[in-house]
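Structural characterization, general
One-letter residues, chain by chain:
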Amino acid sequence: MNRPPSPPGMEQTVQIGALVPLTRPGWAEAGRHLLAGLELAVRDVNDAGGIAGRPLELVVRDTAANPQKAEAAVDELAHMGVAALAGEYHSVVARAAAARADALGLPFLCSSAVLDALTDQPTEWVARLCPPQSRGWQIYADFLLSAGRRRIAVAAQSSVYWASGIRVLRDYLAPRGGSVVELDMSSLTPAAVCDALVDSRATALLLLVGHPEPAVSIVQAVRRDQRLAEIVLGAPAGQPEFAEWAALLGDDGAAIPFLRYLPERLTPLGVRVETALRERLAEPASFVAFEGYDTITVLADVLRSHGVDRARIADSWPRVAVEGTRGKIQFSRTPGINVWQWTWPPVQVVDRDPARPDRFRILHGGSH
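Residues numbered from 1 in each chain as written. Predicted model: local features only at pLDDT ≥ 70, side-chain atom pairs only at ≥ 80, totals over all residues. Heavy atoms only, no water.

Focus: the sheet that holds strand β13 (residues 331-332)
Which entries qualify depends on this criterion: Strands qualify as paired when DSSP identifies two bridges or more between them. In this description a helix means any DSSP run of H or I spanning at least four residues, a strand means any run of E spanning at least two, and both kinds are numbered starting from the N terminus. Residue contacts are counted whenever heavy atoms from the two residues lie within 4.5 Å of one another. A fitted line through C-alpha atoms serves as each axis, taken over the contacting stretch for helices, and the angle formed by two N-to-C directions is quoted from 0 to 180°.
Strand order in the open sheet made by the seven strands is β2-β1-β3-β4-β5-β14-β13, with mixed pairing throughout. In this open sheet, the two edge strands, each paired with only one partner strand, are β2 (56-62) and β13. Bridge count for strand β1 (residues 14-20) against β2 is seven bridges, and the pairing is parallel. For glycine 17, the partnering residue across the bridge sits in β2 and is valine 59. Across the face of the sheet, helix α1 (residues 28-47) comes into contact with β1, β2 and β3 (84-87) while running at roughly 165° to β2. Across the sheet, helix α3 (residues 91-104) lies against β1, β3, β4 (108-110) and β5 (126-128), angled at about 160° from β4, the strand it touches most.

Spelled out as structure tokens, the structure:
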């Protein structure tokens, strides 16, 4: 779609639409980090001359974890003439956005949503930076097995994302002598969860629930139950990554392993970006902020090389080779994944150090 000409004396911008959860029930803290990464990268692109002399502009829309709101935003942004879409954190929302972008022929580089089935059918229009859930959660299952934890309970709420995660864990653990006990959080209180853990003889409890509630209440109940002193609490979806977790739980929030998509060492670009993100956020940057930065880095490289034509942008995914903050980014077709996938971003299992809950310990790493 052609944009109207710029007024005399003004440069026409190259626009990228950004989908970000900034209000509840979206995970607004994750959205704030994602947006900080996107915005910092746009600033850096423009400081380096923009896209062939044209400024890059981010057009931000709040999805608030609402798939319908995301679909409407994709329609609006496509009509505005954006060259591509970026962002989104929540998997179910990103899935709705990806389907709409595919239908409209609008390139979408998904930053943070891990659901394997981001689209129902193979598409040329969508690419993804974060690892698919199956890869990350299998690495998490390996960590549990290596720690001697084979009887795994999951406190789960109803959602496509949590159900997919349970399936990944069950399929991976069963052939390796592990099992999964599902605790339905639509009917259980935190105290009832503790009783169920004792009855099931589980050695780990994974929090497949919303943050802050009921995750915080479950952690507090388990930590205070003397019968469960030996159980490992885990949060593969990454709730303990953010400062709000530590603020709400203090010492109780430490030693809860989660997945984080960072390498052991950032690239030289990543080291510089980390400092700038800390300044922008007034706190340490999460892996989500780096995902945001890398998203714009990739799109800017594509726009410089191939221009703003949407079809040419989508055609370029298999030829991307960009040095990001966390390694070289390249996309390929992966069995079972219907979008162009970075193979592979780094994956770590980390937790907050009980001795210093503001610091993270790397417990387990996934190979490329």
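Remarks on the nonpolar core
This is how the line gets drawn: The definition of a nonpolar core used throughout is a set of buried Ala, Val, Leu, Ile, Met, Phe, Trp, Tyr and Cys residues joined through side-chain atoms within 4.5 Å. Buried, partly exposed and exposed residues are distinguished by accessible area as a fraction of the type maximum, computed with a 1.4 Å probe on protein chains only: under 20%, between the cut-offs, and over 50%, respectively.
Counting residues in hydrophobic clusters, the biggest one holds 80 residues, and the most contacted among them are Leu56, Trp137, Ile296, Val298, Trp317 and Phe331. Looking at this core, the element that brings in the most residues is helix α10 (residues 287-306), giving 11 residues. Look past the residues within four positions of leucine 56 in its chain and what remains in contact with it is Val14, Ile16, Val42, Val45, Asn46, Ile51, Ile296 and Leu303. Core analysis: the next-biggest nonpolar cluster, separate from the first, contains 27 residues, Val193, Leu233, Ala235 and Ile256 among them.

Examining the packing of aromatic side chains
Stated formally: Aromatic pairing here means that ring centres of Phe, Tyr or Trp (its six-membered ring) are within 6.5 Å. Orientation follows from the plane angle: under 30 degrees is stacked, over 60 is edge-to-face, and everything else is tilted. For a lysine, the NZ atom is tested; for an arginine, the CZ atom; a charge sits over a ring if that atom is within 6 Å of the ring centre and within 35 degrees of the ring normal.
Summed over all chains, the structure comprises eight aromatic pairs. For the ring pair tryptophan 317 and phenylalanine 331, a centre distance of 5.8 Å and an interplane angle of 80° mean the geometry is edge-to-face. One end of the pair, tryptophan 317, is in the loop between α11 (310-315) and β11 (322-323); the other, phenylalanine 331, is in strand β13, with 14 residues separating them in the sequence. Here tryptophan 317 falls in the buried class, since its relative accessible area comes to 0%. Among the aromatic residues, ring-to-ring pairing joins Trp27, Tyr89 and Phe242 into one connected group. Above the face of the tryptophan 344 ring, arginine 135 is positioned so that its terminal group lies 4.4 Å from the ring centre. Positioned above the aromatic ring of tryptophan 340, the side-chain terminus of arginine 333 is 4.4 Å from the ring centre.

A look at α3
For clarity, the threshold we go by: Helix span is expected to be 1.5 Å times the residue number reduced by one.
The terminal C-alpha atoms of α3, which comprises 14 residues, lie 20 Å apart, in line with the 20 Å expected from a rise of 1.5 Å per residue. Within the sequence span of α3, burial applies to Ser91, Val93, Ala94, Ala96, Ala97, Ala98 and Ala101. Residues of α3 that are buried in the fold lie against β1, α2 (67-80), β3, β4, β5 and α5 (160-173). The positive-phi residue at the C-terminal boundary of α3 is glycine 105, with phi of around 70°.

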